[in-house]
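Remarks on the overall topology
Okay, here's what each chain looks like letter by letter:
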Amino acid sequence: MKIAILGKPFSEQIAPYIQELFDELLRRKADLMLVEHFQLYLQNTIQIPNDIPVFKRGDSLAGVDVVLSIGGDGTLLDTVTYVGAQEVPILGINTGRLGFLATISHDSINVALDALYEGDYSLDDRALIRVDSDQEVFEGINFGLNEFSVLKRDSSSMIVVHTYIDGEYLNSYWADGVVVATPTGSTGYSLSAGGPVVLPQTNNFVISPVCPHNLNVRPLIVSDRSVISFEVEGRSSSYLASLDSRSVPVDINVRLAVRRENFVARLVKLHHVNFLSTLRSKLNWGMDNRNLFQK
């Protein structure tokens with residue numbers, strides 16, 4: 001099996017589990033590739049062979065069976081930008097905190113590897129959001145898994161985001177910004193902005209204002225076959241455009257639009273993990289300390 005690995009620095013407590021992961025992969029004679037910056041980090045952290053090939057963003061992943069993303073949800077979002085239209089399946093190993101996307105805990109690595117090698121998993125295709133603009137904004141990586149946001153900069157006054165759906169005027173949001181989330185991103189920034197949780201396989205976007213001046217303005221669910229476009233006004237000469245964890249300042253005159261990307265992110269889903277159980281676990285649904293003392 002050919003496996004590409006991306007990751008972020010981890011704590012000393014996690015290091016033995018990562019060492020065990022590499023030892024097990026080498027024992028299984030896996031054909032490994034490491035993203036360049038992670039390879040440099042691992043050489044100073046655990047014991048790995050010096051001759052593992054490296055790759056960088058934009059390189060071909062032809063022949064790779066699965067990509068392991070070692071870190072938290074942010075690492076997996078970054079991994080999606082390396083895979084892109086190649087649609088190589090991604091398995092997230094959680095060494096972070098929340099783990100909505102990176103669902104495999106560090107102490108379940110062997111269970112996950114057994115499932116991979118035995119084919120005991122399914123692929124969960126997740127819709128991506130694409131940003132189009134009249135000037136280059138995201139250096140050619142104009143897609144994301146979670147959300148796109150238009151936000152005011154720093155401590156500047158609120159902005160006005162004139163928003164259109166398929167060219168038809170929707171609303172002018174007087175706010176700190178507007179978030180457009182995919183179903184996957186509905187449990188992220190959009191949720192914090194008051195948006196609903198949307199199941200992953202629903203074909204929708206969620207438009208959520210961030211701290212709107214008008215409290216009657218509420219999040220809106222629209223078809224992901226729509227094109228959502230924006231014109232921004234404000235006292236500042238620029239605003240922030242954010243795509244997942246990547247934020248860049250944009251001139252106030254730049255016009256942006258979002259739509260569903262033509263390709264998907266393929267997440268490896270083990271059969272004992274599902275979205276509803278993850279919701280209950282990560283959001284503590286149904287948890288009540290009063291029940292702890294009941295017999």
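Residues numbered from 1 in each chain as written. Predicted model: local features only at pLDDT ≥ 70, side-chain atom pairs only at ≥ 80, totals over all residues. Heavy atoms only, no water.

In the nomenclature of an unreviewed UniProt entry, the chain corresponds to NAD kinase from the organism Pontibacter burrus. What UniProt records for the chain under Function (unreviewed entry) is the sentence "Involved in the regulation of the intracellular balance of NAD and NADP, and is a key enzyme in the biosynthesis of NADP. Catalyzes specifically the phosphorylation on 2'-hydroxyl of the adenosine moiety of NAD to yield NADP." Annotation of the chain in UniProt includes, under Catalytic activity (unreviewed entry), the sentence "NAD(+) + ATP = ADP + NADP(+) + H(+)". (UniProt positions renumbered as here; feature names shortened; annotations may be inferred.)

1. With respect to the packing of aromatic side chains
This structure, assessed with the given rule, holds seven aromatic pairs. With 6.3 Å between their ring centres and 90° between their planes, Phe55 and Tyr82 make a pair best called edge-to-face. Of this pair, Phe55 sits in strand E3 (residues 54-55) while Tyr82 sits in helix H3 (residues 73-83), placing them 27 residues apart in sequence. Both residues of the pair, Phe55 and Tyr82, count as buried. In this structure an aromatic cluster arises from ring pairing among Phe10, Phe38 and Tyr41. A cation over a ring is seen here: Arg28 above Tyr117, with NZ or CZ 4.7 Å from the ring centre. Directly above the aromatic system of Tyr82 lies the positively charged group of Arg57, at a separation of 4.3 Å from the ring centroid. (Phe/Tyr/Trp six-rings, centres within 6.5 Å; stacked < 30°, edge-to-face > 60°. Helix = DSSP H or I, 4+ residues; strand = E, 2+ residues; numbered from the N terminus. Buried < 20%, exposed > 50% of the residue type's maximum accessible area, 1.4 Å probe, protein only. Lys NZ or Arg CZ within 6 Å of the ring centre and 35° of its normal.)

2. What to know about the UniProt feature "active site" (unreviewed entry) in the chain
The UniProt entry lists Asp73 under the feature "active site" (unreviewed entry), expressed in the numbering used here. Along the chain, Asp73 turns up in helix H3.

3. Remarks on the nonpolar core
The biggest cluster of nonpolar side chains holds 53 residues, and the ones touching the most others in it are Ile5, Phe22, Leu25, Leu42, Leu61, Val67 and Leu68. Mapped onto the domain boundaries, this core takes at least three residues apiece from domain 1 (2-120 + 271-291) and domain 2 (129-262). Discounting chain neighbours no more than four positions away, the residues touching Phe22 are Ile5, Leu32, Leu34, Leu42, Ile46 and Ile48. Tyr173, Phe205, Ile207 and Val222 belong to the second-largest nonpolar core, a separate cluster that totals 27 residues. (Core = buried A, V, L, I, M, F, W, Y, C linked by side-chain atoms within 4.5 Å. Domains from an automatic or database assignment. Contact = heavy atoms within 4.5 Å.)

4. What to know about the UniProt feature "binding site: NAD(+)" (unreviewed entry) in the chain
UniProt's feature table lists "binding site: NAD(+)" (unreviewed entry) at Asp73, Gly74, Asn146, Glu147, Asp176, Thr187, Gly188, Tyr189, Ser190, Leu191 and Ser192, given in the numbering used throughout. The greatest C-alpha distance among the residues just named is 24.6 Å, and with 120 residues of sequence between them they are spread in space as well. Tracing the chain through its elements places Gly74 in helix H3. Judged by its relative accessible area of 37%, Gly74 falls in the partly exposed class. With respect to the secondary-structure elements, Tyr189 resides in helix H5 (residues 189-192). A residue is classified by how much of its surface remains accessible, and Tyr189, at 31% relative accessible area, is partly exposed. Beyond its immediate stretch of four places on either side in the chain, Tyr189 contacts Glu147, Ser149, Leu151, Val179 and Val210.

5. Focus: the sheet that holds strand E17 (residues 246-251)
Strand order in the open sheet made by the six strands is E14-E13-E12-E9-E16-E17, with antiparallel pairing throughout. The open sheet has two free edges, formed respectively by strand E14 (220-223) and E17, since each of these has just one partner strand. Ignoring strand direction, the axes of neighbouring strands in this sheet form an average angle of 20°. Relative to strand E16 (residues 238-243), strand E9 (residues 147-151) runs antiparallel, the two being bridged by four bridges. Directly across from Leu151, in E16, lies its bridge partner Leu240. (Pairing = 2+ DSSP bridges. Axes fitted to C-alpha atoms, helices over the stretch in contact; angles between N-to-C directions.)

6. Some thoughts on the domain arrangement of the chain
Along its sequence, the chain is organised into domain 1 (2-120 + 271-291) and domain 2 (129-262). Using only C-alpha atoms to locate each centre, domain 1 and domain 2 end up separated by 29 Å. Opposite the twelve residues of domain 1 that make contact, domain 2 presents 13 residues. Summed over both sides, the interface of domain 1 with domain 2 buries roughly 1,000 Å², with 85% coming from carbon and sulfur. When the buried surface of domain 1 facing domain 2 is broken down by residue, Leu77, Thr81 and Phe275 rank first, second and third, together holding 46% of it. Our enumeration of links across domain 1 and domain 2 arrives at zero salt bridges. In this structure, the connection of domain 1 to domain 2 is made through zero residue pairs in polar contact (both at pLDDT 80 or more). Secondary structure elements with two or more residues in the side of domain 1 that touches domain 2: H3 and helix H6 (275-282). Per-element accounting of the side of domain 1 that touches domain 2 gives the leading share, four residues, to H3. (Buried area = accessible area lost by both parts, 1.4 Å probe. Salt bridge = Lys/Arg side-chain N within 4 Å of Asp/Glu carboxyl O. Polar contact = N/O pair within 3.5 Å; in protein donor to acceptor, adjacent residues only side chain to side chain.)

7. Description of helix H4 (residues 109-118)
When H4 is considered as a whole, its buried residues turn out to be Ile109, Ala112, Leu113, Ala115 and Leu116. Down the axis of H4, the smallest arc covering the buried residues is 160°, so these residues share one side. Residues of H4 that are buried in the fold lie against helix H1 (15-27), strand E4 (66-71), strand E5 (90-94), strand E6 (104-105), strand E7 (121-133) and strand E18 (256-270). Gly119, located one to two residues past H4, shows a positive phi value of around 70°. (Arc of directions from axis to C-beta.)

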